[in-house]
Amino acid sequence: MKHATLPVRSARSATAVGVVAIFLWSCLALLTTLTQGIPPFQLMALGFGVAFAASVVILGRRGIAGFSSWRQPWAVWATGFSGIFVYHALYFFALKAAPAAEASLINYLWPLLLVLLSAFSAGEKLHKRQMLGALLGLAGTAFIMQQHAPVAGAAMPVAGYLAAFGCALIWAVYSVFNRRFSDVPSNTIGGVCGLVAIGGLICHLLFETTVWPDAGQWAAIICLGLGPVGLAFLAWDHATKHGSLATLGALSYLAPLISTLLLITVGDSQAGPILIVPALLIIGGAVIATTRPSEKAVATRSITSNE
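Note that the structure is predicted; figures quoted are calculated from it, not measured.

What counts, and at which threshold
Residues numbered from 1 in each chain as written. Predicted model: local features only at pLDDT ≥ 70, side-chain atom pairs only at ≥ 80, totals over all residues. Heavy atoms only, no water. Helix = DSSP H or I, 4+ residues; strand = E, 2+ residues; numbered from the N terminus. Buried < 20%, exposed > 50% of the residue type's maximum accessible area, 1.4 Å probe, protein only. Contact = heavy atoms within 4.5 Å. Axes fitted to C-alpha atoms, helices over the stretch in contact; angles between N-to-C directions. Parallel < 35°, antiparallel > 145°, perpendicular 65-115°, else oblique. pLDDT = per-residue confidence, 0-100. Expected span 1.5 Å × (residues − 1). 1 Å grid on protein atoms, 1.4 Å probe; cavity = no way out; pocket = protein on both sides within 12 Å on 5 of 7 lines; lining within 4 Å. Points joined across faces, edges and corners; volume = space filled by probe spheres on them. Nonpolar A, V, L, I, M, F, W, Y, C, P; charged D, E, K, R; others polar. Polar contact = N/O pair within 3.5 Å; in protein donor to acceptor, adjacent residues only side chain to side chain. Phe/Tyr/Trp six-rings, centres within 6.5 Å; stacked < 30°, edge-to-face > 60°. Left-handed = near helix turned anticlockwise from the far one by under 90°. Patch = residues over 30% accessible without salt bridge, like charges linked within 9 Å, V, L, I, M, F, W, Y side chains within 5 Å. Areas by Shrake-Rupley, 256 points an atom, 1.4 Å probe, with all protein chains shown as cover. Salt bridge = Lys/Arg side-chain N within 4 Å of Asp/Glu carboxyl O. Core = buried A, V, L, I, M, F, W, Y, C linked by side-chain atoms within 4.5 Å.

### Points about the overall build of the chain
- If you tally the helices and strands in the chain, you get 14 helices and zero strands.
- Going from N to C terminus, the chain has its helices and strands arranged as α-α-α-α-α-α-α-α-α-α-α-α-α-α.
- Taken across its 307 residues, the chain has 46% of its residues classed as buried.
- Across the chain, every contact between residues at least 6 apart in sequence was considered, and the portion connecting residues at least 24 apart equals 89%.

Take a look at the structure:
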């Protein structure tokens, strides 16, 4: 009995680590506003470059041995690079080709897709409460995005919408597929960040004009690299490999809520009574999705099934 509870506790701990990533991603919008004027691919190259540099410093304290975990099959590197780089490339394109609010809402279909796809992954079972929690979270996200509705009358930006949906699908698939590499140490993400930085630099040199950041922008870039880019992806890697994918998907809807609250706190967004509605939907959905059936209910189902 004791051995049976250990994996459950380990899964809960890994899922809790995923919440760290969700919170850090909630800071992304705020920090990005502080880098206003920096081209997106340049920002990607710098942010992921900071994450890579931090990883090298931390692992390098052990000398060459610290990088032994980076000796992985090409599939590990291809999966990490494809998931992270392609997601961000499509996301930047979507924000340029479609209204930001609508693109962000479509992009935030990924937690719902993650909940659905987790039903088909090994060792995962989709529960009605998780599905309900994800749907409530999607509804709450829609409320938040609608507070920034775009001007009516413009042509439908189909390419931007498709790119935003591509973001959602790629990140959900990546998060599920990443579970195949559960034996791979999460600190390999530092190396993946280096590859993404190189990819961002190449795209920047091909498509953008370099803008030299000022002191405040450098501070924001460093915070981005250490937090929403570095530590967040490290935490998410561990969580998707060992935690509950369905629960992580439902909890991910806390990100747009926390992001909005942070923007309100610093005065970049206006608070209103309507914010209570998405707050109740998102928090309620997260509670429903993460509430475990009582032992009494489990025992009742077990007795019934035995009969």
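Let us keep going from here.
### Points about the packing of helix 8 (residues 158–177) against helix 10 (residues 215–242)
- Closest axis-to-axis distance for the helix 8/helix 10 pair is 8 Å, and the angle between their directions is 60°. As summarised for this structure, helix 8 and helix 10 are arranged oblique, according to the angle between their axes. Contacts from Trp171, Tyr174 and Ser175 of helix 8 reach helix 10 at Phe233, Trp236, Asp237 and Thr240.

### Overview of helix 6 (residues 110–117)
- With six of eight residues buried, helix 6 is to be regarded as a mostly interior element.
- Within helix 6, the full set of buried residues consists of Trp110, Pro111, Leu112, Leu113, Leu114 and Val115.

### With respect to the confidence of the model for the chain
- For the chain, the average pLDDT comes to 80, and 81% of its residues sit at 70 or higher.
- Highest mean pLDDT in the chain belongs to helix 9 (residues 189–207) (95); lowest belongs to helix 14 (residues 295–306) (43).
- Below pLDDT 50 for its whole length, residues 1–6 participates in zero contacts with residues either more than four positions away or in separate chains.
- Low pLDDT, under 50, characterises residues 295–307; the stretch is placed with two contacts to residues that sit more than four places away or in other chains.

### What about helix 12 (residues 254–265)?
- Taking 1.5 Å per residue as the helical rise, helix 12 with its 12 residues ought to reach 16 Å, and the 16 Å between its terminal C-alpha atoms agrees with that figure.
- Taken together, the buried positions of helix 12 are Leu254, Ala255, Pro256, Leu257, Ser259, Thr260, Leu263 and Ile264.

### Quick notes on empty space enclosed by the protein
- Within this structure, the stated rule accounts for one cavity of 30 Å³ or more.
- Approximately 60 Å³ is the volume attributed to the largest cavity.
- As for the largest cavity, its lining consists of Val76, Gly80, Tyr174, Asn178, Phe181, Val184, Thr188, Ile189, Val192, Asp237 and Lys241.
- If you list the elements that add at least two residues to the lining of the largest cavity, you get helix 4 (74–97), helix 9 and helix 10.
- Considering only residue class, the lining of the largest cavity consists of six nonpolar, three polar and two charged.

### Concerning the side chain of threonine 15
- Locating threonine 15 in the fold gives a position in helix 1 (residues 2–26).
- A distance of 3.0 Å separates the side chain of threonine 15 from the backbone nitrogen of serine 244, its partner in a polar contact.
- In this structure, threonine 15 is in contact with Gly243, Ser244, Thr247, Leu248 and Leu251, ignoring residues within four places of it in sequence.

### Concerning the packing of aromatic side chains
- Taken as a whole and judged by the stated rule, the model has 15 aromatic pairs.
- For the pair phenylalanine 67 and tryptophan 70, a centre-to-centre distance of 5.2 Å together with 75° between the ring planes defines the contact as edge-to-face.
- Among the aromatic residues, ring-to-ring pairing joins Trp25, Phe48, Tyr87, Tyr91, Trp110, Trp171, Tyr174, Phe233 and Trp236 into one connected group.

### Topic: the packing of helix 3 (residues 40–60) against helix 10
- At their nearest, the axes of helix 3 and helix 10 sit 8 Å apart, and the two run at 65° to each other. At the point where helix 3 passes helix 10, the crossing takes the right-handed sense. Contacts between helix 3 and helix 10 involve Leu43, Leu46, Gly47, Phe48, Val50, Ala51 and Ala54 from the former and Trp218, Ile221, Ile222, Leu224, Gly225, Leu226, Val229, Gly230 and Phe233 from the latter.
- Its residues assigned to classes, the contact of helix 3 with helix 10 shows 13 nonpolar, three polar and no charged.

### As for a nonpolar patch on the surface
- On the surface, a nonpolar cluster with roughly 530 Å² of combined accessible area is contributed by Leu195, Ile198, Ile202, Leu206 and Phe207.
- Summarising the element assignment, phenylalanine 207 is placed in helix 9.

### What to know about the pattern of salt bridges
- Tallying each qualifying case throughout the model produces one salt bridge.
- Between aspartate 237 and lysine 241 there is a salt bridge, with its nearest N and O atoms 2.9 Å apart. Of the two residues, aspartate 237 and lysine 241 are both situated in helix 10; the distance of four residues between them amounts to about one turn of the helix.
- Judged by its relative accessible area of 2%, aspartate 237 falls in the buried class.

### Description of the nonpolar core
- One finds Phe48, Ile84, Trp171, Phe233 and Trp236 to be the most contacted residues of the largest nonpolar core, which totals 51 residues.
- Residues Cys27, Ile38, Leu43 and Val50 belong to the second largest nonpolar core, which totals seven residues.

### Side note on the environment of isoleucine 38
- Relative to the elements of secondary structure, isoleucine 38 occurs in the loop between helix 2 (28–33) and helix 3.
- C-alpha of isoleucine 38 to C-alpha of valine 211: the two residues are 173 residues apart in sequence and 6.0 Å apart in space.
- Setting aside anything within four residues of it in sequence, one finds isoleucine 38 in contact with Leu43, Val211, Pro213 and Gln217.

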